[in-house]
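So the chains spell out like this:
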Amino acid sequence: MARIAVLTSGGDAPGMNAAIRSVVRSALAAGFEVVGFRTGYTGLIAGDWRKLGAREVGGVMHLGGTMLGTTRCEMLRREQGRRDARRSLESAGAAALVVIGGNGSQTGAYELAKLGAPVIGIASTIDNDLYGSDVTIGATTAVDVALQSIDRLRVTAASMRRAFLVEVMGRDCGYLALVAGIAGGAEAIVVPEAKSDPAALAEELRAAYARGKSHAIAVVAEGAEYDGDALMEYFRAHRERLGFEMRLTKLGHVQRGGAPGSFDRMLGTTLGAAAVEAAAQGRFGRLIGYRDGKAADTPLDEVAGRTRPADAGLLELARVLAM
Ligand code: F6P
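Residues numbered from 1 in each chain as written. Predicted model: local features only at pLDDT ≥ 70, side-chain atom pairs only at ≥ 80, totals over all residues. Heavy atoms only, no water.

Time to look at the environment of Asp301. Assignment of secondary structure puts Asp301 in helix α11 (residues 300-303). With 194 residues separating them in the primary sequence, Asp301 and Thr107 have C-alpha atoms 8.3 Å apart. (Helix = DSSP H or I, 4+ residues; strand = E, 2+ residues; numbered from the N terminus.)

The following block contains the structure:
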């Protein structure tokens, strides 16, 4: 019986388990056997796999993280590591490998595809910065987790008339900051896609108080030109002149560990099934993403080493709405 292998790689994202479950059950339904490599490419190189049946993927849909474990695998960056991975895939008897992960993971998948490995990627990262997918598994849940914190911070900020900087993840992409900032009613949003100026930000926050607001919240992307720490340094140095107190909250990995919302469960499920369909049709070397409301694939050579910036239109909207 032909075998499909699956692994999760890079930063975990809520909805990865839904994708694993969907790959396994869709593959079983199509007559394949399924094996899962533990801890991403590290497990692939080490030949660390186990068979996955329908029951092994039961009760995981609602859990964040990944039941298979994941790593950022340094070995795969080296030619020897890639050759070992290719060999290990063959020893496991896999006719296809589904890689659930973000940018680095899909670049790794492309490198394996160049060695002739039958690879199919599934777009999954909380950063939502993968070329070829309008939205990636984990991004909407990560936004919701950030939003819960922003809503709470506004309560204390308003009570004490304070300003808050909330730093969110996203690597070099401002998607999480933009969406959490707009949905959280932030007074200012700082993203890598736009030049940031601490003095201009201070003025925006000061102006928010002047317009009668009881608080001022700025959502800052970790990859922005000035991140949370750099902005705090500026605010501390100019405390007297600015006339308001600032606190910094870094949400960090908290954003990654949430239980997947309905959208991420459905997205993982849809993309998992589409990946198995691609495997059954022998369409390899492609990333399965989500475009225009349905699964759509893109050649991995177009995806590898490329990122998708946050929507500049949202940036403009954020400015208008902060009045
Ligand atoms: O790519 C997902 C992500 O959570 C980024 O937003 C963040 O910059 C990075 O991973 C953190 O990586 P690590 O978990 O390896 O510290």
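The next point concerns a nonpolar patch on the surface. There is a patch of nonpolar side chains on the surface, built from Leu317, Val320 and Leu321 and spanning about 260 Å² of accessible area. Note that Val320 resides in helix α12 (residues 312-321). (Patch = residues over 30% accessible without salt bridge, like charges linked within 9 Å, V, L, I, M, F, W, Y side chains within 5 Å. Areas by Shrake-Rupley, 256 points an atom, 1.4 Å probe, with all protein chains shown as cover. Salt bridge = Lys/Arg side-chain N within 4 Å of Asp/Glu carboxyl O.)

This part takes up the environment of Val143. Relative to the helices and strands, Val143 is located in helix α5 (residues 139-160). By relative accessible area, which is 5% here, Val143 ends up buried. As a C-alpha pair, Val143 and Leu178 span 35 residues in sequence and 9.4 Å in three-dimensional space. For Val143, the contacting residues outside a window of four places in its chain are Tyr175, Leu176, Val179 and Ala180. (Buried < 20%, exposed > 50% of the residue type's maximum accessible area, 1.4 Å probe, protein only. Contact = heavy atoms within 4.5 Å.)

With that settled, the discussion passes to the packing of α5 against helix α6 (residues 175-183). Each pair of packed helices gets described by two things: the angle between the helix axes and the distance between those axes. Remark: α5 packs on α6, axes separated minimally by 9 Å, with the N-to-C direction vectors making an angle of 50°. As far as their axial angle goes, α6 and α5 are oblique. Where α5 crosses over α6, the two elements pack in a sense that is right-handed. Across the interface between the two elements, Ala139, Thr140, Ala142, Val143, Ala146, Leu147 and Ile150 of α5 pack against Tyr175, Leu176, Val179, Ala180 and Ala183 of α6. Across the contact of α5 with α6, the residue classes break down as eleven nonpolar, one polar and no charged. (Axes fitted to C-alpha atoms, helices over the stretch in contact; angles between N-to-C directions. Parallel < 35°, antiparallel > 145°, perpendicular 65-115°, else oblique. Left-handed = near helix turned anticlockwise from the far one by under 90°. Nonpolar A, V, L, I, M, F, W, Y, C, P; charged D, E, K, R; others polar.)

Let's shift gears to the packing of helix α7 (residues 198-210) against helix α8 (residues 228-237). One can describe the packing of α7 onto α8 by two numbers: an axis separation of 10 Å at closest approach and a directional angle of 70°. The angle between α7 and α8 falls in the class roughly perpendicular. Judged by the sense of rotation from one axis to the other, the crossing of α7 with α8 is right-handed. On α8, the residues touching Pro198, Ala199, Leu201, Ala202 and Leu205 of α7 are Leu231, Tyr234 and Phe235. Taken together, the residues that form the contact of α7 with α8 break down as eight nonpolar, no polar and no charged.

For helix α10 (residues 262-280), spanning 19 residues, the distance from its first C-alpha to its last is 27 Å, which sits close to the expected 27 Å at 1.5 Å a residue. Just downstream of α10, Gly282 is the residue with a positive phi angle, here 70°. (Expected span 1.5 Å × (residues − 1).)

The next subject is the pairing of strand β2 (residues 33-37). By the criterion of burial, β2 is predominantly enclosed, with four of the five residues buried. Bridge count between strand β1 (residues 3-8) and β2: four bridges; the pairing is parallel. For Arg3, the partnering residue across the bridge sits in β2 and is Glu33. Chirality of the crossover, the property in question, places the unit of β1, helix α1 (residues 16-29) and β2 among those that are right-handed. Of the strand pairs in this sheet, β2 and strand β3 (residues 49-51) are connected by three bridges, and their pairing is antiparallel. Bridging from a neighbouring strand, Val35 pairs with Lys51 of β3. (Pairing = 2+ DSSP bridges. Right-handed = clockwise from strand over helix to strand, strands pointing away.)

Attention now moves to the site of the ligand. Near the ligand the following residues occur: Arg72, Thr125, Ile126, Asp127, Met169, Gly170, Arg171, Glu222, His253 and Arg256. Measuring from an oxygen atom of the ligand, one finds a side-chain N or O atom of Arg171 at 3.5 Å. Here an oxygen atom of the ligand and a side-chain polar atom of Glu222 are 2.4 Å apart. Contact with the protein chains hides 76% of the accessible area of the ligand, taken as 400 Å² for the molecule alone. Placement of the ligand is best described as lying within the largest pocket. For the shell around the ligand, a count of residues per class yields two nonpolar, three polar and five charged. (Near = heavy atom within 4 Å. Polar contact = N/O pair within 3.5 Å; in protein donor to acceptor, adjacent residues only side chain to side chain. 1 Å grid on protein atoms, 1.4 Å probe; cavity = no way out; pocket = protein on both sides within 12 Å on 5 of 7 lines; lining within 4 Å. Sits in = over half its atoms within 2 Å of the grid points.)

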